[in-house]
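Secondary and tertiary structure notes
Now for the letters of each chain:
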Amino acid sequence: MTSSAVRVRFAPSPTGMFHVGNARSLLFNWVLARQSGGTMVLRIEDTDTARNRPEWVQGILDAMAWLGAGPEEYEGPLFQSDYVQHHQAAIDRLLAADRAYYCDCTRDQVIARTGSDHKGYDGFCRMRGLAGGEGRALRFKTPDEGTTVVVDLVRGKPAFENALIEDFVIARGDGSPVFLLANVVDDMVMGITHVIRAEEHLPNAPKQQLLWEALGAEPPVWAHAPILVNERRQKLSKRRDRVAMEDFRAEGYLAEAMRNYLMLLGWAPSGDREIIPWEDIVTEFRLEDVNPSPAFFDVKKLRAFNGDYIRALSVAEFIEACQPWLRSTDAPWLPEAYDEATFEAVAELAQTRIALLSEVVPMVDFLFLDEPPHDDAAWAKAMNGDARGLLDAVVQAYQSIEWTAEALKAALEAIGAERGLKLGKAQAPVRVAVTGRTVGLPLFESIEVLGRDRTLARLQSAISRLA
């Protein structure tokens, strides 16, 4: 698409954390705007006053900025609540054209007439000529015949029989517009040409297309992206699944990795590629190539993606990326205990061993704590047999040895050989005594950075505990 007249919109509601599904919708809209030279409008749909909260608005802006869509990438934010006069004008036009009518039916009354709580509204008030009033909803008068065809770039041309579309509510009993109408009017006023959103909104598309046509405007180009599902192929639920972008960010996912992965939920680039530069995505992405089938949001795969992106950073970039976790007040060490030079010495080793930036903390905590972290399971696993005798020998050897990883390793290998132990077995009690864990950074490089005095003190402490 090359027309500079393309205008898309991202229209979240500030009623909770930023859902990964919203993030995917944002990216699809943003990419289309960028590749077409068009405009992405950010519209905050804030008319649900009971659930809206200002901090959720800021959360939307923060999440967008983290993903790379800062204020320079969109028009707005515009707020749906500022367009009330346009909503009312549309209501007046529909009433004047006899395309809407007032209804005072309750749900129980409709069920009593239809004999089912699964059937839609039966049109009872169509010919009653009710005037507006408290508790009287406004319904759109849908055509009794014909078919509404929604031309969808992802799904082709799904057709909906008008006779099966109930006379749906467009304004509540208090006069306020419902989502269906407000959404259409906002899109019309803002000049939106393409509506790209999740599949869950597809049932609304024929209703909204009828509203566009009734208000004398040409409907937008539709594109309904596939829903996101979990490993059980259930639609992602914020009550059951990990879906909040804020949580993923806090765990140490890189924005570039998240962006890349989300774009692959329903779309695939050319060739057998998955890790793909953002600019290549912008160049290659086509809505017509999006697969309409449900897309599996695989957290394990996302984690692997993130590990690849972490390893692709330069060491300097990795050190910088880790700072929010290393300098956090939630870190297990005192703020003054953190030493940048010490972390720089092991950063390259840590970079190849983590998939989330938050994992750097337990990887290096032993360097900044007065004592190694206590792990009873690790202690029980490593401190068996003649662990005390081995540690005594290590202390003796390490008191005067050249303090390099190579010399430290050679000494422990010799001590282990005297006891018939391979290096892996011999280093287990040393690792737990020094780092507190059975796995972590390469042991001898870690000991070299920790230093002779602190290493010997920890080995002596472990011997005392064994005694």
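These notes cover the structure that comes with them. (Residues numbered from 1 in each chain as written. Predicted model: local features only at pLDDT ≥ 70, side-chain atom pairs only at ≥ 80, totals over all residues. Heavy atoms only, no water.)

Comments concerning the overall build of the protein
- Along its length, the protein carries 19 helices and 12 strands.
- Expected size for 467 residues packed as a compact globule is a radius of gyration near 23 Å; at 31 Å, the protein overshoots this value by more than 25%.
- For the protein, the spread of C-alpha atoms along the three principal axes comes to 100 × 50 × 35 Å.
- Buried residues in the protein amount to 50% of all 467 residues.
- Taking the intrachain contacts of the protein between residues at least 6 apart in sequence as the baseline, contacts between residues at least 24 apart amount to 74%. (Helix = DSSP H or I, 4+ residues; strand = E, 2+ residues; numbered from the N terminus. Rg over C-alpha atoms; globule rule 2.2 N^0.38 Å. Buried < 20%, exposed > 50% of the residue type's maximum accessible area, 1.4 Å probe, protein only. Contact = heavy atoms within 4.5 Å.)

Structural notes on helix 11 (residues 315-326)
- Over its 12 residues, helix 11 extends 15 Å from the first C-alpha to the last, a length consistent with the 16 Å expected when each residue adds 1.5 Å.
- Buried within helix 11 we find Phe318, Ile319, Ala321, Cys322, Gln323, Trp325 and Leu326.
- Along its buried surface, helix 11 packs onto helix 7 (245-251), helix 10 (299-312), helix 12 (340-351) and helix 13 (360-368). (Expected span 1.5 Å × (residues − 1).)

Comments concerning the environment of Gly175
- Turning to its location among the elements, Gly175 is positioned in the loop between strand 8 (169-171) and helix 5 (179-189).
- The partly exposed category is assigned to Gly175, whose relative accessible area is 36%.
- In this structure the C-alpha to C-alpha distance between Gly175 and Gly132, which are 43 residues apart in sequence, comes to 8.6 Å.
- The contacts of Gly175, once residues within four sequence positions are left out, are Gln88 and Ile91.

With respect to the pattern of salt bridges
- In this structure the tally under the stated criterion is 27 salt bridges.
- Two residues, Asp186 and Arg43, come together in a salt bridge whose shortest N-O distance is 3.7 Å. Residue Asp186 is located in helix 5, and its partner Arg43 is located in strand 2 (residues 39-44); the two are separated by 143 residues in the primary sequence. Each of the two residues, Asp186 as well as Arg43, counts as buried.
- In this structure, Arg53 engages Glu55 in a salt bridge whose closest nitrogen and oxygen atoms are separated by 2.7 Å.
- If you follow the salt bridges from partner to partner, you end up with Arg9, Arg43, Glu45, Asp186 and Asp187 in one network. (Salt bridge = Lys/Arg side-chain N within 4 Å of Asp/Glu carboxyl O.)

Regarding empty space enclosed by the protein
- In the structure shown here, the tally under the stated rule is 1 cavity of 30 Å³ or more.
- A volume near 50 Å³ is recorded for the largest cavity.
- Together, Pro362, Met363, Asp365, Phe366, Arg431, Thr435, Arg437, Val439, Gly440 and Leu441 line the largest cavity.
- Secondary structure elements with two or more residues in the lining of the largest cavity: helix 13 and helix 17 (423-435).
- When residues in the lining of the largest cavity are grouped by element, the largest group, 4 residues, is from helix 13. (1 Å grid on protein atoms, 1.4 Å probe; cavity = no way out; pocket = protein on both sides within 12 Å on 5 of 7 lines; lining within 4 Å. Points joined across faces, edges and corners; volume = space filled by probe spheres on them.)

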